[in-house]
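One-letter residues, chain by chain:
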Amino acid sequence: MISKPSSVSKQFNECYPMAISEYKNDTWDDSSLNLDQSLDDAFQHLEKERLAALFKILTRTLKNQVLYRCSKVLELGLQITMDLPTPTLNHILNQMVLLAEREPYGVRGGTLVVMFSPPPTSPNTTPIKIGRFPLDSTTVSTYELHLTLQSTNQVKLKLANLVRRLQGKKAMLVVDNKF
């Protein structure tokens, strides 16, 4: 008879211990927190990769297509080259992605409309339309981003262009960071 209560008490002690060292759910919660953290890290990593690829494509579009078309439309010729400084390019790209991510198709579902504004000192201040650039030709465009570029009007750039011309080099038309 004494053996029965001891077997029951063993089961009771196993199921309901006197001192609780850990709950089974706590170990599961810790692993789920680690799993959630690792999933968050994985999603952040994927988002960074996606943004890096997006910036690479947009950079290529701006540098190759937009600047080339600007040179043709503005009839710069062989004497003047157009330059888009890296900080200005990064600022333009950040603004494009920020505005485009709110759209249904994201950045890929848009068309970039580029215009070039002459310097404020010129008699004609109406912007010149450079062109329309679809950001993804396989996606139907649902919005337009208008980008108006203008050249810098700094004295140091004018002096540098004068020195370049005296040296027989091409002058540079630098895009201003205010767009």
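Quick note: structure is the one above.
Conventions and cut-offs
Residues numbered from 1 in each chain as written. Predicted model: local features only at pLDDT ≥ 70, side-chain atom pairs only at ≥ 80, totals over all residues. Heavy atoms only, no water. Helix = DSSP H or I, 4+ residues; strand = E, 2+ residues; numbered from the N terminus. Buried < 20%, exposed > 50% of the residue type's maximum accessible area, 1.4 Å probe, protein only. Salt bridge = Lys/Arg side-chain N within 4 Å of Asp/Glu carboxyl O. Expected span 1.5 Å × (residues − 1). Arc of directions from axis to C-beta. Polar contact = N/O pair within 3.5 Å; in protein donor to acceptor, adjacent residues only side chain to side chain. Contact = heavy atoms within 4.5 Å. 1 Å grid on protein atoms, 1.4 Å probe; cavity = no way out; pocket = protein on both sides within 12 Å on 5 of 7 lines; lining within 4 Å. Points joined across faces, edges and corners; volume = space filled by probe spheres on them.

Q: Quick rundown of unusual backbone geometry? Include the residues and the values.
A: Notably, Glu75 is not glycine yet its phi reads approximately 50°, a positive angle. Note that Glu75 resides in the loop between helix 2 (24-73) and strand 1 (80-83). Glu75 sits in the exposed class, given a relative accessible area of 69%.

Q: Mind laying out the pattern of salt bridges, listing which residues take part and the relevant values?
A: Under the counting rule described, the total for this entry stands at four salt bridges. One salt bridge in this structure joins Arg50 and Glu47, with 2.7 Å as the shortest N-O distance. One end of the pair is Arg50 and the other is Glu47, both in helix 2 and three residues apart, which spans about a single turn. With relative accessibility at 36%, the residue Arg50 sits in the partly exposed group. According to the relative accessible area criterion, Glu47 is partly exposed, its value standing at 36%. Glu144 is the partner of Arg132 in a salt bridge, and the nearest nitrogen-oxygen pair spans 2.4 Å. One end of the pair, Arg132, is in strand 3 (residues 128-134); the other, Glu144, is in strand 4 (residues 143-150), with twelve residues separating them in the sequence. For Arg132, a relative accessible area of 42% puts it in the partly exposed group. Taking relative accessible area as the criterion, Glu144 reaches 38% and is therefore assigned partly exposed.

Q: If you had to explain helix 3 (residues 86-100) to someone new, which residues and values would you point to?
A: Given a rise of 1.5 Å per residue, 15 residues ought to cover 21 Å, and the 21 Å separating the end C-alpha atoms of helix 3 matches this to within 8%. Along helix 3, the residues that are buried comprise Thr88, Leu89, Ile92, Leu93, Met96, Val97 and Ala100. End-on view of helix 3: buried residues confined to an arc of 160°, all on one side of the axis.

Q: Mind laying out the side chain of Thr139, listing which residues take part and the relevant values?
A: Relative to the helices and strands, Thr139 is located in the loop between strand 3 and strand 4. Judged by relative accessible area, which is 19%, Thr139 ranks as buried. Among the polar contacts made by the side chain of Thr139, one reaches the side chain of Asp136 at a distance of 2.9 Å. Apart from the residues within four sequence positions on either side, Thr139 is in contact with Tyr105, Arg108 and Gly109.

Q: Break down helix 4 (residues 155-167) for me, with residues and values.
A: In this model helix 4 runs 18 Å from its N-terminal to its C-terminal C-alpha over 13 residues, within 8% of the 18 Å that 1.5 Å per residue would give. Once helix 4 ends, the next one or two residues include Gly168, with phi positive near 85°.

Q: Residue-level account of the layout of surface pockets, with values.
A: The space that makes up the largest pocket amounts to roughly 270 Å³. As for the largest pocket, its lining consists of 16 residues, of which Lys158, Asn161, Arg165, Met172 and Leu173 are closest to the centre. At the level of secondary structure, the elements contributing two or more residues to the lining of the largest pocket comprise helix 4 and strand 5 (171-174). Among the elements that line the lining of the largest pocket, the one with the most residues is helix 4, at five residues.

Q: I'd like to hear about the environment of Ala100, residue by residue, with values.
A: Summarising the element assignment, Ala100 is placed in helix 3. Each C-alpha atom, one on Ala100 and one on Tyr143, is 8.5 Å from the other, the two residues being 43 residues apart in sequence. With residues up to four places along the chain from it excluded, the contact list for Ala100 reads Gly106, Val107, Tyr143 and Leu145.

Any functional reading would require information that these geometric values do not contain.
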